[in-house]
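A closer look at the structure
Now for the letters of each chain:
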Amino acid sequence: ADKFTSYLDPHLVLVLRNPKTLFPAHHNGKAIKYHGTQGQVDVLEWTKFRDQYLPNLLRGWKRYIRTWVWEVSGNDSYYNVTLLLPMEH
């Protein structure tokens, strides 16, 4: 354990976004901010983006959960994920 561990609370709140809402919101927000899109992106554009990036997004989402729940807060760890908090906007 590092020298600052005693200053930290061992209980962690893991904030999770649902990829079902995160992914389209991210893509649409980026299209609005950087490409001048107004409203929602075109269905064909969305489908192409989804098909290209969804597998990596889901792998990353699963890796995030596995890392924090099983590796960071494992049996021999000071830290423990105490609460899974879904976050949507």
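Look a little higher up for the structure.
Bear in mind that the values here come from a model prediction, so they are computed numbers and not experimental data.

A word on the pattern of salt bridges. A full pass over the atoms with the stated rule returns one salt bridge. Ionic pairing is found between R50 and D51, a salt bridge with its closest N-O pair at 3.0 Å. For D51, a relative accessible area of 48% corresponds to the partly exposed category.

In this structure the tally under the stated criterion is four aromatic pairs. When the ring of F49 is compared with that of Y53, the centres are 4.9 Å apart and the planes differ by 45°; the resulting orientation is tilted. One end of the pair is F49 and the other is Y53, both in helix α2 (residues 43–72) and four residues apart, which spans about a single turn. For F49, a relative accessible area of 17% gives the class buried. Pairwise contacts between aromatic rings join F23, W46, F49 and Y53 into one cluster.

The rules we used
Residues numbered from 1 in each chain as written. Predicted model: local features only at pLDDT ≥ 70, side-chain atom pairs only at ≥ 80, totals over all residues. Heavy atoms only, no water. Salt bridge = Lys/Arg side-chain N within 4 Å of Asp/Glu carboxyl O. Buried < 20%, exposed > 50% of the residue type's maximum accessible area, 1.4 Å probe, protein only. Phe/Tyr/Trp six-rings, centres within 6.5 Å; stacked < 30°, edge-to-face > 60°. Helix = DSSP H or I, 4+ residues; strand = E, 2+ residues; numbered from the N terminus.

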